[in-house]
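Structure at a glance
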Amino acid sequence: MPRKVRQLIADLEKAGFEHRGGKGSHRNFTHPKGLRVTVSGHTGDDAKHYQERNVHRLREELCAVPPLAKVSPLVSYCRKRLK
């Protein structure tokens, strides 16, 4: 069963994205690291598969650890919070 658009929005906000407005049922989110994403659909609608995939990829990208890098407190925090 697909997730609702409101759940995707909650995931983005937990990951540190800020709602920057939009038009109609479109919402633009930005992250301080420069990542951007647009989520379309009313909050009660089922999310499309590509929307779920985009949100999942963005969350992974934010918490990715570069190879041979020390694990920073931010990465530990992301891993705990996003599970």
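Residues numbered from 1 in each chain as written. Predicted model: local features only at pLDDT ≥ 70, side-chain atom pairs only at ≥ 80, totals over all residues. Heavy atoms only, no water.

So, the overall build of the protein chain
Looking only at helices and strands, the protein chain has 3 helices and 3 strands in total. Taken from N to C terminus, the helices and strands of the protein chain fall in the order α-β-β-β-α-α. Every one of the 83 residues in the protein chain was classed for burial, and the buried ones make up 30%. Sequence-distant contacts, at least 24 apart, represent 43% of the contacts inside the protein chain between residues at least 6 apart. Of the roughly 6000 Å² of accessible surface on the protein chain, 52% is carried by carbon and sulfur atoms. (Helix = DSSP H or I, 4+ residues; strand = E, 2+ residues; numbered from the N terminus. Buried < 20%, exposed > 50% of the residue type's maximum accessible area, 1.4 Å probe, protein only. Contact = heavy atoms within 4.5 Å. Areas by Shrake-Rupley, 256 points an atom, 1.4 Å probe, with all protein chains shown as cover.)

A word on helix α2 (residues 49-62)
The α-helix winds at 3.6 residues per turn, so residues separated by three or four positions along the chain end up facing the same way. Given a rise of 1.5 Å per residue, 14 residues ought to cover 20 Å, and the 20 Å separating the end C-alpha atoms of α2 matches this to within 8%. Summarising the contacts, the buried residues of α2 are in contact with α1 (5-14) and β3 (36-40). (Expected span 1.5 Å × (residues − 1).)

Looking at the sheet that holds strand β1 (residues 18-19)
The strand order across the open sheet built from 3 strands is β1-β2-β3, with neighbouring strands paired in antiparallel fashion. Each edge of the open sheet is held by one strand with a lone partner, namely β1 and β3. In terms of strand pairing, strand β2 (residues 26-30) meets β3 through 5 bridges, oriented antiparallel. Counterpart to H26 in the pairing with β3 is S40. Along the sheet face, α1 touches β2 and β3 and points at about 15 degrees away from the line of β2. (Pairing = 2+ DSSP bridges. Axes fitted to C-alpha atoms, helices over the stretch in contact; angles between N-to-C directions.)

Quick look at the pairing of β3
Residues V37 and V39 point to one face of β3 and are all buried, whereas R36, T38 and S40, pointing to the other face, are not buried. Taking the residues that link successive antiparallel strands as the turn, the β2-β3 hairpin has 5 residues, and the phi of G34 there is positive, at about 100 degrees.

A look at the pattern of salt bridges
Within the structure shown, the criterion is met by 4 salt bridges. The salt bridge partner of K4 is D46, with a shortest N-O separation of 2.9 Å. A residue pair is termed long-range when its members are at least 10 positions apart, and K4 in the segment before α1 and D46 in the loop between β3 and α2 qualify at 42 residues. Accessibility expressed as a relative area gives 26% for K4, which makes it partly exposed. The exposure class assigned to D46 is partly exposed, which follows from its relative accessible area of 40%. (Salt bridge = Lys/Arg side-chain N within 4 Å of Asp/Glu carboxyl O.)

So, α1
Every buried residue belonging to α1 is among V5, L8, I9, D11 and L12, and all of these are buried. Buried residues along α1 cover an arc of 160 degrees about the axis, so they all sit on one side. Looking at the packing, one finds that the buried side of α1 touches β2, β3 and α2. At the C-terminal side of α1, G16 shows a positive phi close to 100 degrees. (Arc of directions from axis to C-beta.)

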